[in-house]
Amino acid sequence: MAQRDGITEPWGTRTPYGPGDPWPVRVDSRLAEGVRPEDVDRWVRSAAVLHSNGDGLDIAVAGGRIAGVRGRADDRVNRGRLDPKDLFGWQANNAPDRLTTPLVRKHGELTEASWDEALDLIVRRSRELLDEQGPGALGFYTSGQLFAEEYYTLAAIARGGLGTNHLDGNTRLCTATAAAALKESFGCDGQPASYADVDHADVIALFGHNVAETQAVLWSRMLDRLAGPNPPALLCVDPRDTPVARAATLHLAPLPGTNLALMNGLLHEVVEHGWVDREYVERCTVGYDDLIATVADYPPERVAEICGLEAREIREAARLVGTASRLLCTVLQGFYQSHQASAAAVQVNNLVLLRGMLGKPGAGVLQMNGQPTAENTRECGADGDLTGFRNWANDSHVEELASLWNVDAGKIPHYGPPTHLMQMLRYAETGTLRFLWVSATNPAVSLPELTRVRSILDSPRLFLVVQDAFRTETAEFADVVLPAALWGEKTGTFTNADRTVHLSDKAVDPPGQARSDLDIFLDYARRMDFRGRDGEPFPQWHDAETAFDAWKRASSGRPCDYSGLSYAKLREVSGIQWPCTSDRPDGTERLYADGKFFARPDYCESYGRDLVTGAPMEPTEYRAMNPEGKAMLKGAGYVPPHETPDEDHPFFLINGRTIHHFHTRTKTGRAPELRSAAPEVWLEVSERDAAAAGLAEGDLAEVSTPRGSVRARVRIGGIRDGVLFLPFHYGYWDVDHPAGKDGDRAANELTFTDWDPVSKQPLFKTAAAALRRIGPVGSPAAERVPAVVEEDVR
């Protein structure tokens, strides 16, 4: 077991291995200063909660406090490894500024209150609005960081208790497109592939996925393959020169907003050169002819002009993916948060399907998640999905859920599509949505066009409830603030990006009067006196394990089947992939190995949408198009982004994540090592663009769009010319900045209100921006992420 700093060596030392070999164990750990292994009172089972990888770990408890972590050698996800956020993020639990009592707004100020006062105020306002306007006046916005038991409870309360259509998660910002793309191609959500496919692949293609920083342990797995015999070739598609790009066999840096055109060009070449598995396509898919007709219009020369690439690069990339024997594709925010997001992500699915690369070791697609429990948000229905991957447009699915909940089907709103977050904001802006309950997320920093968002949250017409562990930027606008327990202070399950379920046991008590999110939701339900059809209290469960049992019943028979899981089993086995049933008691490593899909008209989660307009397909159309429930090949034509550079704003601006922080730094910013590694926002500029603007490394620059401006120290890097990058993590809670006022630090001061027509995911990567120097060299903007040098990977 290695005590590792995780900052200077974020991916640790190499443990090389070859194709088909098991990934060697390397156990990482970190204990608080002055705590020795013999000082640890007990180790408590859990998994990482500050990224979507799902690293299995144990929490060290000493003196009644969390005192560190260690990786679990037997975990299928990480084989003992931990990333920088795993190693240090737990320190947020011990931060001195934790919320410990409820707060209510009195005379314009947030003041301490009792739980009874706070919840009674919420209940009173809920009932007033139900009487005045009905359930459409109330909305909920949650996270990708709670437990499955909490999401399932929130979905039951919102849909079956109140009957509101307004429930979404901040997964709308990071993985809504993953879900949408999987539904479009396979009829249902659920990742087809597994992290274990890294062990077998001979080509790994990463589309807009900076895995080195977003899922550092998964990158360690890839680095270990690269350092071993017969390493895989890597294709990286990213406008930035990331560690992945530096290790790649081939790096394509397309202009922002052109991902769909690039994918169409790759598919054009795959078809043109006969790299299609025609037997698989004919047996397992529909839509081939229409797709071929679409991509025929995207030869490499046309695509090169659109994307700002060379035609030879496109041909080389197509040959790499087109001739692979075992092709693994991954996708993340570089596609999901950009123009034509769903259409581009679906083309990656098309590539895998055309090549017949599905359901076998080393072959498949992972439409990645950005958050640790994003999969649970979608499975449990705490966003725009219907619980258990059921279909909103299928009345029998709604009836089935109503029966499980013992409520009338008419109570569950299904008169139209569920309300996505961006539409909820519009309703709040116009005054039809009057109550918003925000749990474990910070929209005052994470949403686009922050000036607008602040004005909505600050509206006197909106009753705002914020449930969090800290007094965030969003909490400053709240009418009621509820102190919530963090990871390690409660029990529950969560599922990572390759469907691996872990149990996280309670290690310590939360501070002060803080309570678990599950307890808070259930207390609200009891005070609202929700009842089922037989008059019994609703929801029918009362703690984490009974909530899990209820969720198992709701998932049974659906693609995300948990019926073979239990807390006892998850305490014995470190990570099990759903579906886990009596027939598959050890879980399921890969979906669709038999060429059968969750796409039958009576079973599928969605009937699909037009990839360009977002218009939904009618059930009758779907039945006619796909009566046997095959995988669906869907094409789409490229259209230019809605905002492009011009004379006044000559740059593309993109934002994204970095290795040391998570979301708005609510937790990672309170870990000293992570904070000191990346203390301030910074701006990445290419060498040519920096020279043209008279900028040197460390200079203070202003980047502006029609929405606002941000000041940041310059970092000159390998980003492609004409593109600027800002990390989105930095808000205002830790600087001397008046709450609720316009700022110049958060990247989302600059982004605009626009979203993908299919997934409704906001677009963070296509703004047009201007750049100017405003100050000389100052303190370093942040510690750079180490490069992946040749000796690390070969």
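Below or above, wherever it landed, is the structure these notes cover.

## A few points about the overall build of the protein
Across its full length, the protein holds 27 helices and 28 strands. Its C-alpha atoms give the protein a radius of gyration of 25 Å, near enough to 28 Å, the size a compact globule of 794 residues would have. Burial analysis of the protein (794 residues in total) assigns 67% to the buried set. Counting only contacts in the protein whose residues sit at least 6 apart along the sequence, the fraction spanning at least 24 positions is 75%.

## Section: the pairing of strand β16 (residues 435-439)
The element β16 is largely enclosed, with a buried count of five among its five residues. Neither face of β16 is exposed, since Phe435, Trp437 and Ser439 on one face and Leu436 and Val438 on the opposite face are all buried. In this structure, strand β8 (residues 138-142) lies alongside β16, joined through four bridges in parallel fashion. Each bridged residue has a counterpart across the sheet, and for Leu138 the counterpart in β16 is Phe435.

## A short note on the layout of surface pockets
Rolled over the atoms, a probe with the dimensions of a water molecule shows which regions are left empty. Taken as a whole, the largest pocket spans an internal volume of roughly 810 Å³. In this structure, the largest pocket is lined by 35 residues; those nearest its centre are Trp392, Pro417, Pro418, Ser606 and Arg609. Listing elements by their share of the lining of the largest pocket, those giving two or more residues are α4 (171-174) and α5 (176-186). At five residues, the largest contribution of residues to the lining of the largest pocket is made by α5. Taken together, the residues of the lining of the largest pocket break down into 14 nonpolar, ten polar and eleven charged. Quantified by volume, the second largest pocket comes out at close to 340 Å³. What lines the second largest pocket is a set of 18 residues, among which Asp290, Met617, Leu633, Lys634 and Gly635 lie closest to the centre. Sorting the residues of the lining of the second largest pocket by element identifies α11 (288-295) and α24 (619-625) as the ones contributing at least two each.

## Remarks on the pattern of salt bridges
Two side chains of opposite charge can pair, provided their charged atoms sit close to one another. Taken as a whole, this structure holds 53 salt bridges when the rule is applied. Here Arg36 ties to Glu38 by a salt bridge, and the two come within 3.5 Å at their closest N and O atoms. On the basis of relative accessibility, which here comes to 47%, the residue Arg36 falls in the partly exposed class. One salt bridge connects Asp116 with Arg527, and the closest N-O pair in it is separated by 2.8 Å. Residue Asp116 is located in helix α2 (residues 115-132), and its partner Arg527 is located in helix α21 (residues 517-528); the two are separated by 411 residues in the primary sequence. Among the residues examined, Arg527 registers a relative accessible area of 21% and is labelled partly exposed.

## Things to note about unusual backbone geometry
Residue Pro539 is bonded to the preceding Phe538 through a cis peptide linkage, with omega at 0°. Relative to the elements of secondary structure, Pro539 occurs in the loop between α21 and α22 (544-555). Of note, the bond from Trp578 into Pro579 is cis; its omega dihedral lies within 30 degrees of zero at 0°. Inspection of the secondary structure assignment puts Pro579 in the loop between β21 (576-577) and α24. Unusually for a residue other than glycine, Arg499 sits at a positive phi of about 70°. By the secondary structure assignment, Arg499 is in the loop between β19 (492-495) and β20 (500-504). Even without being a glycine, His663 presents a positive backbone phi close to 50°. Secondary-structure assignment places His663 in the loop between β23 (651-656) and α25 (672-677).

## Looking at the side chain of His51
Along the chain, His51 turns up in the loop between β3 (42-47) and β4 (56-62). Judged by its relative accessible area of 2%, His51 is buried. Among the polar contacts listed, one links the side chain of His51 to the backbone nitrogen of Asn53, at a separation of 3.2 Å. Looking at His51, its side chain comes within polar contact range of the side chain of Asp55, at 3.3 Å. Ignoring sequence-local partners within four residues, the contact set of His51 consists of Asp83, Lys85, Asp86, Thr214, Gln371, Pro372 and Phe662.

## A word on the packing of helix α9 (residues 259-272) against helix α15 (residues 341-355)
Where α9 contacts α15, the two axes come as close as 8 Å, and the packing angle between them is 15°. Accordingly, the angle class assigned to the pair α9 and α15 is roughly parallel. α15 is crossed by α9, and the crossing has left-handed handedness. In this structure, α9 uses Asn259, Leu260, Met263, Asn264, Leu267, Val270 and Val271 to contact α15, whose residues at the interface are Ala343, Ala344, Gln347, Val348, Asn350, Leu351, Leu354 and Arg355. Tallied by class, residues from the contact of α9 with α15 come to ten nonpolar, four polar and one charged.

## Some points on the sheet that holds strand β11 (residues 233-237)
Taken in spatial order, the five strands make up an open sheet running β12-β11-β10-β14-β15, and their pairing is parallel. Edge positions in the open sheet fall to β12 (250-252) and β15 (364-367), since each of these has one partner strand only. Across this sheet, the average inter-strand angle for adjacent strands is 10°, counted without regard to direction. As defined by bridge partners, β11 adjoins β12 across three bridges and the pair is classed as parallel. Residue Cys236 lies in a different strand from β12, and its bridge partner there is His251.

## Considerations on the packing of aromatic side chains
By the definition in use, this model includes 24 aromatic pairs. Both rings, one in Trp682 and one in Phe725, keep their centres 5.6 Å apart while their planes meet at 45°; by these two values the pair is tilted. In this pair, Trp682 is assigned in strand β24 (residues 682-686) and Phe725 in strand β27 (residues 723-727), connecting sequence segments 43 residues apart. For Trp682, a relative accessible area of 4% corresponds to the buried category. Of the residues examined, Phe725 reaches a relative accessible area of 3% and is grouped as buried. An aromatic cluster is built from Tyr152, Trp405, Phe538, Trp541, Phe548, Trp551, Tyr562 and Tyr567, whose rings are joined through pairwise contacts.

## Description of the sheet that holds strand β17 (residues 463-468)
Strand pairing in a sheet is mediated by backbone hydrogen bonds. Such pairs are either parallel or antiparallel. Taken together, the seven strands give an open sheet; going across it, the order is β7-β6-β18-β17-β16-β8-β9, and neighbouring strands pair in mixed fashion. The open sheet is flanked by β7 (109-112) and β9 (167-169), the only strands paired with a single partner. The average angle at which neighbouring strand axes cross in this sheet is 20°, direction not considered. Direction of pairing for β8 relative to β9: parallel, over a ladder of three bridges.

## Looking at helix α17 (residues 395-405)
Within an α-helix, residues lying three or four positions from one another point in the same direction, as the helix has 3.6 residues per turn. Those residues of α17 not exposed but buried are His397, Val398, Leu401, Ala402 and Trp405. Mapping the buried residues of α17 onto a view down its axis gives an arc of 140°, with all of them on the same face. Contacts made by the buried residues of α17 are with α3 (148-162). Trailing α17 by a residue or two, Asn406 shows a phi angle of about 60°, which is positive.

## What about α2?
Taking 1.5 Å per residue, 18 residues should reach 26 Å; α2 reaches 26 Å between its end C-alpha atoms and fits that length. Regarding α2, the residues found buried are Trp115, Ala118, Leu119, Ile122, Val123, Arg125, Ser126 and Leu129. Down the axis, α2 shows its buried residues gathered within 165° of arc, on one side only. Counted as exposed and oriented over 90 degrees from the buried face of α2: Asp131 and Glu132. Next to the buried residues of α2 lie β6 (103-106), β8, β16, β17, β18 (480-483) and α21.

## Comments concerning the nonpolar core
Grouped together as the largest cluster of nonpolar side chains are 175 residues, with contacts concentrated most on Ile122, Phe207, Trp219, Leu235, Trp437, Leu482 and Tyr524. Those residues in contact with Leu235, other than ones at most four positions away along the chain, are Ile204, Ala205, Leu206, Phe207, Leu250, Leu252, Ala317, Leu320 and Val321. Membership of the second largest hydrophobic core comes to 30 residues, among which are Leu436, Ala444, Val445 and Tyr732.

Reading the values: the criteria
Residues numbered from 1 in each chain as written. Predicted model: local features only at pLDDT ≥ 70, side-chain atom pairs only at ≥ 80, totals over all residues. Heavy atoms only, no water. Helix = DSSP H or I, 4+ residues; strand = E, 2+ residues; numbered from the N terminus. Rg over C-alpha atoms; globule rule 2.2 N^0.38 Å. Buried < 20%, exposed > 50% of the residue type's maximum accessible area, 1.4 Å probe, protein only. Contact = heavy atoms within 4.5 Å. Pairing = 2+ DSSP bridges. 1 Å grid on protein atoms, 1.4 Å probe; cavity = no way out; pocket = protein on both sides within 12 Å on 5 of 7 lines; lining within 4 Å. Points joined across faces, edges and corners; volume = space filled by probe spheres on them. Nonpolar A, V, L, I, M, F, W, Y, C, P; charged D, E, K, R; others polar. Salt bridge = Lys/Arg side-chain N within 4 Å of Asp/Glu carboxyl O. Polar contact = N/O pair within 3.5 Å; in protein donor to acceptor, adjacent residues only side chain to side chain. Axes fitted to C-alpha atoms, helices over the stretch in contact; angles between N-to-C directions. Parallel < 35°, antiparallel > 145°, perpendicular 65-115°, else oblique. Left-handed = near helix turned anticlockwise from the far one by under 90°. Phe/Tyr/Trp six-rings, centres within 6.5 Å; stacked < 30°, edge-to-face > 60°. Arc of directions from axis to C-beta. Expected span 1.5 Å × (residues − 1). Core = buried A, V, L, I, M, F, W, Y, C linked by side-chain atoms within 4.5 Å.

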